[in-house]
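Per-entry structural report
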Amino acid sequence: MNSLRHRHISVLGLPALVLLITAAGCSSADGSASAAVPSPGAKAGQLCRNLDKVLPAKVDGESREDPSPASALTAGWGDSAIILRCGVPQPPKMVDPKVAEGRDPDAVAGGVEGVRWLMEKQDGGGYRFTTAGRLAYVEVSVAEARDSSGVLIDLAPAIKKAIPEGIAN
């Protein structure tokens, strides 16, 4: 498996790189895909609908299989291995000083392909990534044992195109 697929990956800080490598794997989660639909404000909701229009058909080699209930605010690839939700609230860890200082073992800030992310290890395994510094928060959940760097690399162009940099309200 070539997780970087000859593309540039820029990760801020050694802890982020270590966690991204730790998250590497090849299998997807089983079960039917479902995702709670966020309730963003009007501005973020429009940005999320714009994002839905430019999301890739494949992410990290997995075909798009949207979760239920159907919504322009959610997307999925690989039978729930990768779930995107747009317009989510700001995660509490995003403003936690321990994360910014690199002292939180379960969360780290980093960046991939020009998109900044907060990465949080999930209790049930896998990771949740939430964009930072964009006008709407985009959350991407990646199943345990899946290469998360390839997922973020594939999603970055759509996020940069549809969700401008700025401070989400």
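Just so we're clear, the structure is a prediction, and the values are computed from it rather than from any experiment.

**Details of the nonpolar core**
- In terms of nonpolar packing, the biggest core is built from 33 residues, with Leu 51, Leu 84, Val 140, Leu 155 and Ile 163 touching the most fellow members.
- Of all the elements in the fold, those that place two or more residues in this core are helix H2 (42–54), strand E3 (74–77), strand E4 (82–86), strand E5 (107–112), strand E6 (115–121), strand E7 (127–132), strand E8 (138–142) and helix H4 (148–162).
- The element best represented in this core is H4, accounting for 8 residues.
- If we ignore the near neighbours within four places in the chain, the residues touching Leu 155 are Leu 55, Pro 56, Val 59, Trp 77, Leu 84 and Val 140.

**Observations concerning the state of the cysteines**
- Scanning the entire structure with this criterion turns up 1 disulfide.
- A disulfide bridge connects Cys 48 with Cys 86, and the sulfur atoms are separated by 2.1 Å. Between Cys 48 and Cys 86 the sulfur-sulfur dihedral comes to about -75°; the bridge is accordingly left-handed. In this pair, Cys 48 sits in helix H2 while Cys 86 sits in strand E4, placing the two residues 38 residues apart along the sequence. A single burial state applies to Cys 48 and to Cys 86, both of which are buried.

**Looking at the confidence of the model for the protein**
- Considering every residue of the protein, the mean pLDDT works out to 83; 81% of them sit at 70 or more.
- Contacts of residues 1–31 to residues separated by more than four positions or lying in other chains number 72 contacts, the stretch itself having pLDDT below 50.

**Section: the packing of aromatic side chains**
- This model, assessed by the stated rule, comprises 2 aromatic pairs.
- Seen from their ring centres, Trp 117 and Phe 129 are 6.2 Å apart, and the 85° between their planes marks the pair as edge-to-face. Of this pair, Trp 117 sits in strand E6 while Phe 129 sits in strand E7, and the two are 12 residues apart along the sequence.
- With a relative accessible area of 3%, Trp 117 lands in the buried category.
- Centroid distance Tyr 127 to Phe 129: 6.5 Å. Interplanar angle 40°. Geometry classified as tilted.
- By relative accessible area, Tyr 127 is classed as buried at 9%.
- With relative accessibility at 1%, the residue Phe 129 sits in the buried group.
- Through a chain of ring-to-ring contacts, the aromatic side chains of Trp 117, Tyr 127 and Phe 129 assemble into a single cluster.

**Notes on the pairing of E5**
- Buried residues dominate E5, accounting for 5 of its 6 residues.
- With 6 bridges connecting them, E5 and E6 associate as antiparallel partners. Within E6, the residue paired with Val 112 across the bridge is Val 115.
- The hairpin formed by E5 and E6 contains 2 residues between the paired strands, and Glu 113 there has a positive phi angle of roughly 55°.

**Examining the pattern of salt bridges**
- One pass over the full model with this rule turns up 8 salt bridges.
- For Arg 85, the salt bridge is made with Glu 139, and the minimal N-O distance between the two is 2.8 Å. Taken together, the residues Arg 85 in strand E4 and Glu 139 in strand E8 connect sequence positions 54 residues apart.
- Residue Arg 85 is classed as buried on the basis of its relative accessible area of 17%.
- Linked by salt bridges that have partners in common, Asp 52, Arg 64 and Asp 66 make up one network.

**Description of the sheet that holds E3**
- With respect to topology, 6 strands assemble into an open sheet ordered E3-E4-E8-E7-E6-E5, the strand pairing being antiparallel. If you trace the sheet from one side to the other, it starts and ends with E3 and E5, each paired once. With strand direction ignored, the average angle separating the axes of adjacent strands in the sheet is 20°.
- Judged from the 4 bridges that link them, E3 and E4 form a sheet pairing that is antiparallel. Paired with Gly 76 across the two strands is Ile 83, which belongs to E4.

Reading the values: rules and limits
Residues numbered from 1 in each chain as written. Predicted model: local features only at pLDDT ≥ 70, side-chain atom pairs only at ≥ 80, totals over all residues. Heavy atoms only, no water. Core = buried A, V, L, I, M, F, W, Y, C linked by side-chain atoms within 4.5 Å. Buried < 20%, exposed > 50% of the residue type's maximum accessible area, 1.4 Å probe, protein only. Helix = DSSP H or I, 4+ residues; strand = E, 2+ residues; numbered from the N terminus. Contact = heavy atoms within 4.5 Å. Disulfide = S-S within 2.5 Å. pLDDT = per-residue confidence, 0-100. Phe/Tyr/Trp six-rings, centres within 6.5 Å; stacked < 30°, edge-to-face > 60°. Pairing = 2+ DSSP bridges. Salt bridge = Lys/Arg side-chain N within 4 Å of Asp/Glu carboxyl O. Axes fitted to C-alpha atoms, helices over the stretch in contact; angles between N-to-C directions.

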